[in-house]
Amino acid sequence: MLRAGIVGLPNVGKSTLFNAVVANAKAQAANFPFCTIEPNVGIVAVPDTRLGVLAGISSSAEIIPARVEFVDIAGLVKGASQGEGLGNKFLANIREVDAIVHVVRCFDDDDIIHVSGSVDPVRDIEVINLELTLSDLEQLERRADRVKKQARTSKEAQAELVVLEKLLPALNEGKTARQVVLSEEEELIIKPLGLLTRKPIIYAANVSEDDLANGNDWVEQVRGVASQEEAEVVVVSAQVESELVDLSEEERTDFLAALGVEEGGLQSLIQATYELLGLRTYFTTGPKETRAWTIQAGMLAPQAAGVIHTDFERGFIRAETVAYGDLVSSGSMGAAKEKGLVRSEGKEYVVQEGDVLLFRFNV
């Protein structure tokens, strides 16, 4: 399961957003720094309208969506890489996640203290990125010293040293590891290091309810920073999302309509987080359940079957496959078969986004 860490300065709305993301999460959202000491974890469903459509076709008794795990990590401050504000502990928590959701404060509120005294998204982003970069730089320098000695006799160490010497100059210039182009082989070499600034990132611009529909100048500043990193920006209002949690569906619709939006941005954030790592979804559907399964892009049919159960991968024979759109336009699996839209695919088939699959296997 994808693990995404919610990070940012203290008092930018991380815990409020986390509570809204997982609806019933118990993270404390208080108006002082370091109110979240241990990372809170919540598992949320990935919104996907295709599930309901497939369930209708199959008359499924249950719908099971894909899921993402969110981790609420306590606020970082300037000097975190040197241990300030429990920085070492919080940085270690970030190393354990697959992707980063960086919450940036884009609202003004005299009642909510800003650790730097004023709202400045670019400065705030730079503070966090600098601490992550300094932490990575220290780790890379230590690793390079060790690998240089091993490189005298080890080809593996020599190959690793080449990658380290690509990364070190960039980080010394203030760039992130994400901005360094590496080959797939080089990526595998440095993967065990868990570099903080190599992790995929989404900037969540946290705005007031009044700015949810159209954003504001601070949001545009965040977009400017993100464009340089080829990162995505999602506009959310943690306060709005926290209010939506306790409303009925009708009340939610009316409340959002009054704000001039169809949704508060939370669904977009969850979906963007899911897609950030190049994940793909395939479906299984029948009278019992319609279910979304998460795989990495490029997975072959036996590997995709193994996501359901390892026995499916070991005993894989073939996969009966139909594209989601073809099944929906046909109206039923039987009709899709009559039209020749259901294919029998073997072990070399690369599963596509939205495939509806039925696996045949030996036990």
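Residues numbered from 1 in each chain as written. Predicted model: local features only at pLDDT ≥ 70, side-chain atom pairs only at ≥ 80, totals over all residues. Heavy atoms only, no water.

Draft legend 1. View of the environment of arginine 291. Looking at the secondary structure, you find arginine 291 in strand 9 (residues 289–296). According to the relative accessible area criterion, arginine 291 is partly exposed, its value standing at 26%. For the pair formed by arginine 291 and glutamate 62, sequence separation is 229 residues and the distance between their alpha carbons is 8.3 Å. Ignoring anything within four residues of it in the chain, the contact list for arginine 291 reads Leu51, Ile64, Tyr282, Phe283 and Thr284. (Helix = DSSP H or I, 4+ residues; strand = E, 2+ residues; numbered from the N terminus. Buried < 20%, exposed > 50% of the residue type's maximum accessible area, 1.4 Å probe, protein only. Contact = heavy atoms within 4.5 Å.)

Draft legend 2. Region of interest: the packing of aromatic side chains. Tallied over the entire structure, the rule returns five aromatic pairs. One cation-aromatic arrangement involves arginine 50 over tyrosine 324; the distance from NZ or CZ to the ring centre is 6.0 Å. (Phe/Tyr/Trp six-rings, centres within 6.5 Å; stacked < 30°, edge-to-face > 60°. Lys NZ or Arg CZ within 6 Å of the ring centre and 35° of its normal.)

Draft legend 3. Summary view of unusual backbone geometry. Unusually for a residue other than glycine, asparagine 11 sits at a positive phi of about 65°. Assignment of secondary structure puts asparagine 11 in the loop between strand 1 (2–7) and helix 1 (14–21). With phi around 55°, serine 59 is a residue other than glycine that occupies positive phi space. Within the element layout of this structure, serine 59 appears in the loop between helix 2 (49–58) and strand 3 (62–64).

Draft legend 4. Broad picture of the nonpolar core. If you look at the biggest cluster of nonpolar residues, it comprises 69 residues, and the most contacted ones within it are Leu17, Phe70, Ile94, Val101, Tyr203 and Leu269. Setting aside its immediate chain neighbours within four residues, leucine 17 contacts Val103, Val236, Ala238, Leu266 and Leu269. Among the nonpolar cores identified, the runner-up in size contains 19 residues, and Leu140, Leu161, Val163 and Leu182 belong to it. (Core = buried A, V, L, I, M, F, W, Y, C linked by side-chain atoms within 4.5 Å.)

Draft legend 5. Spotlight on the packing of helix 4 (residues 121–150) against helix 7 (residues 217–229). Running from N to C, helix 4 and helix 7 point in directions that differ by 40°, and their axes come no closer than 8 Å. On the basis of their axis angle, the class for helix 4 and helix 7 is oblique. On the side of helix 4, the interface is formed by Pro121, Val122, Ile125 and Asn129, while helix 7 contributes Trp218, Gln221, Val222, Val225 and Glu229. Class assignment for the residues of the contact of helix 4 with helix 7 results in six nonpolar, two polar and one charged. (Axes fitted to C-alpha atoms, helices over the stretch in contact; angles between N-to-C directions. Parallel < 35°, antiparallel > 145°, perpendicular 65-115°, else oblique. Nonpolar A, V, L, I, M, F, W, Y, C, P; charged D, E, K, R; others polar.)

Draft legend 6. How the structure looks around the environment of threonine 281. Topologically, threonine 281 is positioned in strand 8 (residues 279–285). Within the structure, threonine 281 has its side chain in polar contact with the side chain of tyrosine 274 (distance 2.6 Å). (Polar contact = N/O pair within 3.5 Å; in protein donor to acceptor, adjacent residues only side chain to side chain.)

Draft legend 7. A look at the pattern of salt bridges. This structure, assessed with the given rule, holds 16 salt bridges. Across the pair arginine 3 and glutamate 69 runs a salt bridge whose closest N-O atoms are separated by 2.3 Å. Of this pair, arginine 3 sits in strand 1 while glutamate 69 sits in strand 4 (residues 67–72); the two residues are 66 residues apart in sequence, bridging distant segments of the chain. On the basis of relative accessible area, arginine 3 is assigned to the partly exposed category, the value being 22%. With a shortest N-O distance of 3.5 Å, arginine 95 and aspartate 136 are connected by a salt bridge. Of this pair, arginine 95 sits in helix 3 (residues 87–95) while aspartate 136 sits in helix 4; the two residues are 41 residues apart in sequence, bridging distant segments of the chain. (Salt bridge = Lys/Arg side-chain N within 4 Å of Asp/Glu carboxyl O.)

Draft legend 8. Region of the structure containing the sheet that holds strand 5 (residues 99–105). The strand order across the open sheet formed by six strands is 2-4-1-5-6-7, and the pairing between neighbours is mixed. With partners counted over all chains shown, the strands left at the sheet margins are strand 2 (40–45) and strand 7 (232–236), one partner each. Direction aside, the axes of adjacent strands within the sheet are offset by 25° on average. Where strand 2 and strand 4 come together, six bridges link them in antiparallel fashion. Bridge pairing in strand 4 places glycine 42 opposite phenylalanine 70. Along the sheet, helix 4 makes contact with strand 5 and strand 6 (201–206), crossing strand 5 at roughly 145°. Along the sheet, helix 7 contacts strand 5, strand 6 and strand 7; its crossing angle with strand 6, the most-contacted strand, is approximately 175°. (Pairing = 2+ DSSP bridges.)

Draft legend 9. Looking closely at helix 11 (residues 301–308). Of the residues making up helix 11, those classed as buried are Ala301, Pro302, Ala304, Ala305 and Gly306. Contacts made by the buried residues of helix 11 are with strand 8, strand 9, helix 12 (310–314), strand 10 (316–323) and strand 12 (355–361).

Draft legend 10. Quick peek at the pairing of strand 4. When you tally the buried positions in strand 4, you get five out of six residues, the bulk of the element. Of the pairings in the sheet, the one linking strand 1 to strand 4 comprises five bridges and is parallel in character. Bridging from a neighbouring strand, glycine 5 pairs with valine 71 of strand 4.

Draft legend 11. Inspection of the environment of phenylalanine 255 at higher detail. Counting through the fold element by element, phenylalanine 255 comes out in helix 9 (residues 249–259). Separated by 12 residues in sequence, phenylalanine 255 and glutamate 243 place their C-alpha atoms 9.5 Å apart. If we ignore the near neighbours within four places in the chain, the residues touching phenylalanine 255 are Glu209, Val240, Glu243, Leu244 and Leu247.

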